[in-house]
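The residues making up each chain are set out below.
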Amino acid sequence: MIDLVERLMEPSRRELQRMRESPDAWSELSRGGDADAVRRARVLWALQFDRRPEDLALVRWLAEQEAQTGDLTEEVRLAGFLLAEFRQPEDVWLQWRIKRASFDAWCGYDSEHLFAAGVEVTTSIVGASDHPDREEVLARSPASEEDLAGWWEGKRAWFPADPADEELVTWMDRADLVGDAALVRQLLDRWAAGRPRDRDTLDMLGYRLRELGAYAEAAVAERERLAFTRGPIERASGWRSLAELERLAGDHDAAWAALRDCGVALRDVGDWTDVGIGRSYVEELFLLAGAADVDVARPAFAEGDRHARTMAGLPPVVLEAAVVAADRLGEPDGAAYYRGLL
């Protein structure tokens, strides 16, 4: 794995070294564009495996920038963890800013970050302050130093200090963030090698292969995954997903076959036209009708049209697909009907 990880870490270490040598360059980490977010991420990844006492100011800077994103990304979590590792009680207020940055952070960012310097010392500092949120912060204190120690154990396992101990899935996410699709694929193949083809494996393969645009391979994984589906709604959803992947892969006959199986599964779902899977099934019928050869497109459109005319409140994306398909097939009445609804 290390050979693949080096493709990410070597430029990340260079970026960290540049920041260490020139604090004037930190301003490049404060801009809001995607490229700057990636640069920040690279510095954070390098710091995960090589942080020094003199990096405190840089880590604070990075944490401040991540707090301003309003998201709860893995990079926000990593910045908060690295800041916590310095055990500086005055950082409680920066950690509080991260915690309050968004609804997701409010729910998902551990309150233990606030007390990383120690429950007693942090409680003392917060209690003596005149900060307007003092009581809110104090209410989130861990029950004891032992509880905090248990939290630390879990966080250090989540962000290991050795690159060899990091999860392959994390490296895939990082390769994806920097736009290295070839590396994502190599890491995915390494991850999948020798794993049982169980539901978890097939879920991961289907998701990652789809993200990579490897739709035919994703369809293979989705077809295998159907063996693990439970209940008519889950089976119908699996067939619809397979149909979409086959359509995107250009195998329209296979997509049409999967949609017919989806329709069969929906017969066991009461009032299926009123639920989300019903709408997405009809949408996929129209999308296939807008892409396939006429011998598949016409029956797919007819099936979608038959159901759509009985369904109230179809979302615009379904109606748009219906208009495109009707125009393509020379169905002026159908096109006019769906344009009117749209």
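Scroll up a little and you will see the structure.
Definitions and limits used
Residues numbered from 1 in each chain as written. Predicted model: local features only at pLDDT ≥ 70, side-chain atom pairs only at ≥ 80, totals over all residues. Heavy atoms only, no water. Helix = DSSP H or I, 4+ residues; strand = E, 2+ residues; numbered from the N terminus. Buried < 20%, exposed > 50% of the residue type's maximum accessible area, 1.4 Å probe, protein only. Core = buried A, V, L, I, M, F, W, Y, C linked by side-chain atoms within 4.5 Å. Contact = heavy atoms within 4.5 Å. Patch = residues over 30% accessible without salt bridge, like charges linked within 9 Å, V, L, I, M, F, W, Y side chains within 5 Å. Areas by Shrake-Rupley, 256 points an atom, 1.4 Å probe, with all protein chains shown as cover. Salt bridge = Lys/Arg side-chain N within 4 Å of Asp/Glu carboxyl O. Lys, Arg positive; Asp, Glu negative; His and termini not counted. Charge placed at Lys NZ, Arg CZ, Asp CG, Glu CD. Phe/Tyr/Trp six-rings, centres within 6.5 Å; stacked < 30°, edge-to-face > 60°. Expected span 1.5 Å × (residues − 1). Axes fitted to C-alpha atoms, helices over the stretch in contact; angles between N-to-C directions. Parallel < 35°, antiparallel > 145°, perpendicular 65-115°, else oblique. Left-handed = near helix turned anticlockwise from the far one by under 90°. Nonpolar A, V, L, I, M, F, W, Y, C, P; charged D, E, K, R; others polar. Polar contact = N/O pair within 3.5 Å; in protein donor to acceptor, adjacent residues only side chain to side chain.

Asker: Looking at this model, I keep getting lost on the environment of Pro-163. Mind explaining?
Answerer: Relative to the elements of secondary structure, Pro-163 occurs in the loop between α9 (145–158) and α10 (168–177). The spacing of Pro-163 and Phe-49 is 114 residues in sequence and 6.8 Å in space, taken between C-alpha atoms.

Asker: Got a minute to help me understand unusual backbone geometry in this structure?
Answerer: Glycine aside, negative phi is the norm for most residues, and most peptide bonds take the trans geometry. Even without a glycine there, the phi angle at Arg-87 is positive, about 55°. You can see Arg-87 is positioned in the loop between α4 (74–85) and α5 (92–99). A residue is classified by how much of its surface remains accessible, and Arg-87, at 35% relative accessible area, is partly exposed. Even without glycine at this site, Asp-271 takes up a positive phi of about 55°. Assignment of secondary structure puts Asp-271 in the loop between α15 (252–266) and α16 (276–289).

Asker: Looking at this structure, how should I read the nonpolar core?
Answerer: The tendency in soluble globular proteins is for nonpolar side chains to be buried as a group. Core analysis: the biggest nonpolar cluster contains 99 residues, and Leu-58 and Phe-286 have the highest contact counts within it. Apart from residues no more than four positions distant in its own chain, Phe-286 is found in contact with Phe-301, Gly-304, Asp-305, Ala-308, Val-318, Ala-321, Ala-322, Ala-325 and Tyr-338. Ranked by size, the runner-up nonpolar core spans 7 residues in total, among them Trp-93, Trp-96, Leu-114 and Phe-115.

Asker: Got a minute to help me understand a negative patch on the surface in this structure?
Answerer: A cluster of acidic residues, Glu-120, Glu-145, Glu-146 and Asp-147, forms a negative patch at the surface. The dominant element in the negative patch, judged by the number of residues it contributes, is α9, at 3 residues. Within the secondary structure, Glu-145 is located in helix α9. By relative accessible area, which is 37% here, Glu-145 ends up partly exposed.

Asker: Help me understand the packing of aromatic side chains in this model?
Answerer: The geometry of an aromatic ring pair comes down to the distance between the two centres and the angle between the two planes. One pass over the structure, following the stated rule, counts 10 aromatic pairs. Where Trp-26 meets Trp-61, the ring centres are 6.3 Å apart and the plane angle is 45°; that geometry is what we call tilted. Linking Trp-26 in the loop between α1 (2–21) and α2 (34–49) with Trp-61 in helix α3 (residues 56–67), this pair joins segments that are 35 residues apart in sequence. You can call Trp-26 buried: its relative accessible area is 16%. On the numbers, 5.6 Å between centres and 75° between planes, the contact of Trp-272 with Tyr-281 is edge-to-face.

Asker: How do you make sense of α16 when you look at a structure like this?
Answerer: One full turn of an α-helix is made of 3.6 residues, so residues set three or four places apart face in the same direction. With 14 residues, α16 extends 20 Å between its outermost C-alpha atoms, agreeing within 8% with the 20 Å of an ideal straight helix rising 1.5 Å per residue. Burial runs high along α16: 11 of the 14 residues are buried. Considered for burial, the residues of α16 that qualify are Ile-277, Gly-278, Ser-280, Tyr-281, Val-282, Glu-283, Glu-284, Leu-285, Phe-286, Leu-288 and Ala-289. On its buried side, α16 packs onto α14 (231–249), α15, α17 (294–308), α18 (316–328) and α19 (332–341).

Asker: Could you clarify how one ought to interpret the environment of Glu-112 in this entry?
Answerer: For Glu-112, the location among the structural elements is in the loop between α6 (103–108) and α7 (119–127). In this structure the C-alpha to C-alpha distance between Glu-112 and Ala-84, which are 28 residues apart in sequence, comes to 9.2 Å. For Glu-112, the residues in contact, after removing those within four places along its chain, are Pro-142, Leu-148 and Trp-151.

Asker: Before we go on, may I ask you to explain the pattern of salt bridges in this structure?
Answerer: Oppositely charged side chains are able to pair whenever their charged atoms sit close together. All chains considered together, the criterion is met by 37 salt bridges. Between Glu-244 and Arg-240 there is a salt bridge whose closest N-O contact spans 3.1 Å. Taken as a pair, Glu-244 and Arg-240 lie in helix α14 at a separation of 4 residues, close to a single helical turn. The buried category is assigned to Glu-244, whose relative accessible area is 15%. For Arg-240, a relative accessible area of 14% gives the class buried. Among the salt bridges present, the one from Arg-298 reaches Glu-331, with a minimum N-O distance of 3.3 Å. Placement of the pair is Arg-298 in helix α17 and Glu-331 in the loop between α18 and α19, with a sequence separation of 33 residues. Look at Arg-298 and you get partly exposed, because its relative accessible area is 40%.

Asker: Sorry if this is basic, but what is going on with the packing of α16 against α17 here?
Answerer: Relative orientation and spacing of two packed helices are given, respectively, by the angle between their axes and the distance between those axes. Two numbers describe how α16 lies on α17: the axes approach to 8 Å, and their chain directions differ by 150°. Judged by the inter-axis angle, α16 sits roughly antiparallel to α17. Relative to α17, the crossing made by α16 is left-handed. Taken together, the residues of α17 that come into contact with α16 (itself represented by Tyr-281, Val-282, Leu-285, Phe-286, Leu-288 and Ala-289) are Val-296, Ala-297, Ala-300, Phe-301, Glu-303, Gly-304, Asp-305, His-307 and Ala-308. Class assignment for the residues of the contact of α16 with α17 results in 11 nonpolar, 2 polar and 2 charged.

Asker: Hey, could you run me through α18 in this one?
Answerer: For α18, with 13 residues, the first-to-last C-alpha span of 18 Å sits near the 18 Å given by 1.5 Å per residue. Along its buried surface, α18 packs onto α16, α17 and α19. Phi turns positive, to about 70°, at Gly-330, one or two residues after α18.

Asker: Can you walk me through the side chain of Thr-201 in this structure?
Answerer: With respect to the element layout, Thr-201 can be found in helix α12 (residues 199–211). One polar contact links the side chain of Thr-201 to the main-chain carbonyl oxygen of Pro-196, over a distance of 2.9 Å. What Thr-201 contacts, discounting residues up to four positions off in sequence, is Trp-191, Arg-195 and Pro-196.

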